[in-house]
Amino acid sequence: MPSQQEKSSIDAIYSYLELSKSDSISTEKKLVYIDKSYLLAKKLNVDSVIFQTMNRKGELLNQYNPDIALPFLREFEESAKNKKDTLNMGHSFLNLADYYSAKQQDSIAFSYFNKSKIQFELKKDSSLVVYSLLMMSDILKSKDDYYDMEAVNTEALSFINQTNRNYNYSCVYNNLGISLKETYDYKKSLGYYKKAKQYAEDEFTRVIIDNNIASVFILNKEYQKAIGLLSKLEGTNSEIVSERIKSNILNNLGLAYFKVNDSRALGYYFKALSIREDQRDEYGLIGSYIQLANYYKSKEDNLLAKKYALKAYENASKMKSIDERLDALQILVNSSAENESRAFSASHFRLNDSISEVRQRNKNQFANIRYDFSNQKEQNQRLSTQKAETTLLLEKQKNSTLLMYFVILFLLGLTVVIINFLNSKSKKEKIRVSYDTETRISKKLHDELANDVYHAMTFAETQDLSALSNKEMLLKDLDNIYSRTRNISKENSLIDTGQDFVPSLRDMMSNYGNHEVNIIVNGLDVLQNTTVETNKKITVYRILQELLVNMKKHSQCSLVVITFKKIDKNMIVEYTDNGIGVAIQQINLKSGLLNVENRIKAIEGTLTFDNAIQKGFKVRIEFPV
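Keep in mind that this is a model prediction, so the values were computed, not measured.

Draft legend 1. Expanded view of the overall build of the protein. Helix and strand content of the protein: 26 helices and five strands. Evaluated residue by residue, the protein yields a buried proportion of 44% over its 625 residues. The contacts in the protein between residues at least 6 apart in sequence include a share of 61% that link residues at least 24 apart. Accessible surface for the protein amounts to roughly 33,000 Å². Of this, 50% is attributable to carbon and sulfur atoms.

Structural data, given as structure tokens:
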């Protein structure tokens with residue numbers, strides 16, 4: 001039992017703790033009170049009390065004095081680790097995650113949020129698990145990693161309990177709406193936004209969600225629905241929404257009117273612009289400038305279109321907003337004189353190539369963080385329940401089981417890919433393409449993955465996986481197998497033949513470019529403006545994919561030019577590269593190029609090779625539309 005003096009000290013500690021949370025005192029006093037609480041707790045030497053004061057002090061330093069926070073946050077982390085205190089390890093990780101997030105060091109912040117989530121999950125603190133996952137979701141959103149964002153929020157749904165239930169459901173469903181919208185699944189996106197609105201606890205949140213719903217209506221070309229909803233939001237009491245939210249509503253309303261060619265669009269654009277200028281909303285101004293540039297471009301006023309596109313580009317460059325820079329450059333390409341247009345086009349290609357590589361690297365990085373810590377959590381749970389003398393045996397069994405599950409899931413996933421691939425083909429070519437596809441995938445599996453899988457299984461069975469170097473080598477091998485599997489899956493995935501076919505085709509072609517190979521595409525708008533049958537869209541997509549794969553493997557080129565033309569009732573696609581070429585008599589020996597010939601025959605088209613060794617490789621594809 002504590003003595004009377006100890007009771008007095010504990011009372012004083014908690015009194016100072018409560019004072020540090022008061023909104024009626026200054027920041028300086030809050031920091032003074034938490035320091036007093038912390039020093040008394042250290043003097044009393046009761047771990048639970050010390051950790052409470054450390055957690056509160058870490059929160060205050062992050063909020064009011066982050067420049068000196070890091071040494072103390074590290075001390076908190078080490079203390080919790082030394083005491084093996086799972087809950088306070090979670091709190092220390094969370095404080096460090098908040099610190100690095102404020103410093104915009106996203107990969108470190110993401111790692112600490114993931115660590116805190118694992119610790120809180122072990123302590124069954126569902127509320128803090130959800131908070132950590134929501135913070136991870138925000139980082140993934142900022143990196144445009146919408147598929148992992150969807151996965152993180154789906155995981156969060158399983159942890160929501162009665163604590164902050166409505167707020168958490170509203171946040172998670174809204175995040176799912178965002179991730180589905182950005183991956184073009186507008187129907188599911190609307191469903192999640194409506195669920196988010198059901199759980200919204202205040203009018204401010206409902207207005208934000210309604211604005212999100214209206215943005216989906218616009219993307220889905222339901223312009224009148226968007227106008228009706230946004231017109232109601234326009235009259236929202238200014239005490240409920242901030243000026244920045246109001247400017248978003250007005251800008252969306254202007255966009256909806258613009259889509260139906262209503263002259264009121266310009267007025268709403270300028271209202272939004274005025275608010276954003278008054279609020280010094282630098283990011284919002286980029287959106288306003290782009291909308292105005294598009295508006296004047298549609299009116300064939302290239303002078304004003306260029307003026308606002310340049311403003312958007314300058315602001316986007318200052319804010320390091322890559323997508324907005326690309327949008328602004330695209331407008332500048334279309335609204336500038338020939339020489340300037342070429343320069344802007346070159347900048348667009350360079351920026352697009354570089355950001356694609358960076359984003360893919362970011363996505364892999366964050367996926368690896370989650371994957372690595374998931375394995376670590378399983379290992380910790382396993383080690384805590386096993387006896388020392390059986391640890392090595394159980395370690396091998398567990399890794400073998402994981403590897404077996406991985407192989408099974410890989411085979412199941414590959415089977416699904418094959419089925420979807422075959423179902424997307426027309427009846428006329430189904431049997432032949434089925435055989436070709438299965439042969440190609442089988443060869444990839446045999447040549448690229450079978451030996452690696454067998455090697456990984458043998459390694460897991462024969463090596464001491466309690467050694468860190470062996471464990472890291474196994475994880476590296478598994479990650480390599482996973483990456484190859486994902487590439488095979490991507491090459492054989494379904495093709496969007498709807499309104500997003502041309503953007504999808506453009507993205508596919510650009511993905512084969514890098515700093516060594518420049519890919520130039522001309523006349524893609526011809527394909528955009530021509531009605532082409534679904535099976536012919538698929539054929540064009542797959543033929544170009546086969547040619548680009550062949551280019552990567554064999555051509556050793558530095559430049560690829562792909563041109564689309566329409567002459568009379570025929571669509572012509574010309575592919576040219578400056579590689580080493582391939583002899584005509586060797587073309588039929590290359591299965592990829594033979595597959596190209598089979599595909600074009602299936603749509604009653606013609607394929608012409610214009611080729612000379614050391615002078616590049618040229619293909620002309622022609623088919624009726």
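Draft legend 2. Here's a closer look at the packing of aromatic side chains. A full pass over the atoms with the stated rule returns 19 aromatic pairs. A ring pair is formed by Tyr173 and Tyr199, whose centres lie 6.1 Å apart and whose planes are at 25°; its orientation type is stacked. Taken together, the positions of Tyr173 in helix α9 (residues 165-182) and Tyr199 in helix α10 (residues 186-199) put the pair 26 residues apart, joining distant regions of the chain. By relative accessible area, which is 11% here, Tyr173 ends up buried. Here Lys271 stacks its cationic end above the ring of Tyr268, 4.9 Å away from the centre of that ring.

Draft legend 3. Representation of the packing of helix α1 (residues 4-20) against helix α3 (residues 47-64). α3 packs onto α1 with a crossing angle of 20° between their chain directions and a minimal axis gap of 11 Å. Relative to α3, the element α1 lies roughly parallel. Our pair here, α1 against α3, has a crossing hand that is left-handed. Touching Ile13, Tyr14, Leu17 and Ser20 of α1 are Val49, Gln52, Thr53, Arg56 and Leu60, all from α3. Class assignment of the residues belonging to the contact of α1 with α3 gives a composition of five nonpolar, three polar and one charged.

Draft legend 4. The arrangement of a nonpolar patch on the surface in detail. Taken together, the side chains of Leu402, Met404, Tyr405, Ile408, Leu409 and Leu412 define a hydrophobic patch exposed on the protein surface, amounting to about 580 Å² of accessible area. Mapping Ile408 onto the fold places it in helix α19 (residues 391-423). Taking the relative accessible area as the measure of exposure, Ile408 reaches 39% and is therefore partly exposed.

Draft legend 5. Representation of the packing of helix α14 (residues 264-279) against helix α15 (residues 282-298) in the model. It is at 9 Å that the axes of α14 and α15 come closest, and there the two elements cross at 155°. Classified by the interaxial angle, the pair formed by α14 and α15 is roughly antiparallel. At the point where α14 passes α15, the crossing takes the left-handed sense. In this structure, α14 uses Ala265, Leu266, Tyr269, Phe270, Ala272, Leu273, Arg276 and Glu277 to contact α15, whose residues at the interface are Gly284, Leu285, Gly287, Ser288, Tyr289, Gln291, Leu292, Tyr295 and Tyr296. Of the residues in the contact of α14 with α15, the class split is eleven nonpolar, four polar and two charged.

Draft legend 6. Molecular detail of the side chain of Ser127. With respect to the element layout, Ser127 can be found in helix α7 (residues 126-142). If sequence neighbours within four positions are ignored, Ser127 has contacts with Asn161, Thr163 and Asn164.

Draft legend 7. Looking closely at the side chain of Thr236. Mapped onto the elements of the fold, Thr236 is located in the loop between α12 (223-234) and α13 (243-259). Only 2.6 Å separates the side chain of Thr236 from the backbone oxygen of Leu233, close enough to count as a polar contact. In contact with Thr236, other than residues within four places in its own chain, are Val207 and Val241.

Draft legend 8. Main features of the pattern of salt bridges. With the rule as written, the count across this model stands at 22 salt bridges. In this structure, Glu574 and Arg620 form a salt bridge, with 3.1 Å as the shortest nitrogen-oxygen distance. Pair noted here: Glu574 is in strand β3 (residues 570-577) and Arg620 is in strand β5 (residues 617-624), with a separation of 46 residues, a long-range link. Overall, the relative accessible area of 23% leaves Glu574 in the partly exposed class. Residue Arg620 is classed as partly exposed on the basis of its relative accessible area of 32%. Salt bridges linked by common partners bring Lys565, Glu574, Arg620 and Glu622 together as one network.

Draft legend 9. Layout of the pairing of strand β2 (residues 559-567). Sheet topology note: the strand β1 (residues 518-522)/β2 ladder contains five bridges and is parallel. If you follow Asn518 over to β2, its bridge partner there is Leu559. In terms of strand pairing, β2 meets β3 through eight bridges, oriented antiparallel. In the sheet register, Phe564 faces β3, and the bridge partner there is Val573. In this antiparallel pair of consecutive strands, β2 and β3, the connection spans two residues, and Asp568 shows a positive phi of 55°.

Draft legend 10. Structural view of unusual backbone geometry. A positive phi angle, near 60°, is found at Gln104, a position not held by glycine. Structurally, Gln104 can be placed in the loop between α5 (86-102) and α6 (106-122). Taking the relative accessible area as the measure of exposure, Gln104 reaches 66% and is therefore exposed. Its identity as a non-glycine residue notwithstanding, Glu300 has a phi of 60°, on the positive side. Using a relative accessible area of 72% as the deciding quantity, one classes Glu300 as exposed.

Draft legend 11. Looking closely at the environment of Ser466. Looking at the element boundaries, Ser466 is found in the loop between α20 (430-462) and α21 (468-491). The exposure class of Ser466 is partly exposed, given its relative accessible area of 46%. Put simply, Ser466 and Lys396 are 70 residues apart on the chain and 9.0 Å apart in space, counted from C-alpha to C-alpha.

Draft legend 12. A look at the nonpolar core. Ranked by internal contacts, the top residues of the largest apolar core, which has 104 residues, are Met54, Phe113, Leu133, Ile213, Ile218 and Leu230. The next biggest cluster of nonpolar side chains, apart from the first, holds 36 residues, and it includes Ile519, Leu524, Ile538 and Ile600.

Draft legend 13. Expanded view of helix α11 (residues 203-219). With 17 residues, α11 extends 25 Å from end C-alpha to end C-alpha; this agrees with the ideal 24 Å at 1.5 Å per step. Within the sequence span of α11, burial applies to Val207, Ile209, Asp210, Asn211, Asn212, Ile213, Ala214, Ser215, Val216, Phe217 and Ile218. One side-chain oxygen at the N-terminal end of α11 lies 3.2 Å from the backbone nitrogen of Phe204; it belongs to Asp202. Two residues or fewer past α11, Lys221 is found with a positive phi of approximately 65°.

Draft legend 14. Geometry of the environment of Met571. Along the chain, the position of Met571 falls in strand β3. The sequence separation of Met571 and Val625 amounts to 54 residues, and the corresponding C-alpha distance is 6.4 Å. Residues within four places of Met571 in sequence aside, it is in contact with Val526, Leu527, Thr530, Lys565, Ile621, Glu622, Phe623 and Val625.

Draft legend 15. Quick look at helix α8 (residues 146-157). In a regular helix each residue adds 1.5 Å, so twelve residues correspond to 16 Å; α8 covers 17 Å between its end C-alpha atoms and thus fits that length. Of the residues making up α8, those classed as buried are Tyr146, Asp148, Met149, Val152, Asn153 and Ala156. Considered in projection along α8, the buried side chains sweep an arc of 155° and stay on one side of the axis.

About the criteria used
Here the residue index of a chain counts from 1 through its sequence in written order. Residues qualify for local features only when their pLDDT is at least 70, as the model is predicted, and side-chain atom pairs are given and counted only at 80 or more; totals for whole chains, interfaces and linings, by contrast, use all residues. Based on all heavy atoms of the structure, the side-chain values leave hydrogens and waters out of the count. Helix and strand definitions follow DSSP, with helices as H or I runs of at least four residues and strands as E runs of at least two, each counted in order from the N terminus. Any residue under 20% of the maximum accessible area for its type is buried, any over 50% is exposed, and the rest in between are partly exposed; the area is computed with a 1.4 Å probe on protein chains only. Throughout, a residue-residue contact means that at least one pair of heavy atoms, one from each residue, lies within 4.5 Å. In short, Shrake-Rupley with a 1.4 Å probe defines the accessible areas, and a residue's cover is counted only from the protein chains shown. To pair, rings of Phe, Tyr and Trp, with the six-membered ring standing in for Trp, must have centres within 6.5 Å; the planes then decide the type, stacked if under 30 degrees apart, edge-to-face if over 60, and tilted in the middle. Only when the NZ atom of a Lys or the CZ atom of an Arg is both within 6 Å of the ring centre and within 35 degrees of the ring normal do we say a charge sits over the ring. In this analysis an axis means a line fitted to C-alpha atoms, helices contributing only their contacting stretch, and an angle means the value between N-to-C directions, from 0 to 180 degrees. Angles are sorted into four bins: roughly parallel if under 35 degrees, roughly antiparallel if over 145, roughly perpendicular if 65 to 115, and oblique for all others. By the definition used in this description, the sense in which the near helix is turned from the far one sets the handedness, with an anticlockwise turn below a right angle giving left-handed and a clockwise turn giving right-handed. Lys, Arg, Asp and Glu make up the charged group, whereas Ala, Val, Leu, Ile, Met, Phe, Trp, Tyr, Cys and Pro make up the nonpolar group; the residues left over, Gly among them, are polar. Patches were defined on residues exceeding 30% relative accessible area and lacking a salt bridge, with like-charge contacts within 9 Å and nonpolar side-chain contacts (Val, Leu, Ile, Met, Phe, Trp, Tyr) within 5 Å. Salt bridges are defined by distance alone: a side-chain nitrogen of Lys or Arg within 4 Å of a carboxyl oxygen of Asp or Glu. Polar contact is defined as a pair of N or O atoms within 3.5 Å, subject to the rule that within protein one atom must be able to donate a hydrogen and the other to accept it, and that residues adjacent in sequence are counted only when both atoms are side-chain atoms. In this analysis, strands are considered paired if DSSP registers two or more bridges between them. To qualify as a nonpolar core, a set must consist of buried Ala, Val, Leu, Ile, Met, Phe, Trp, Tyr and Cys residues joined through side-chain atoms within 4.5 Å. Working rule for helices: expected span equals 1.5 Å times residues minus one. The arc refers to the directions leading from the helix axis to the C-beta atoms.

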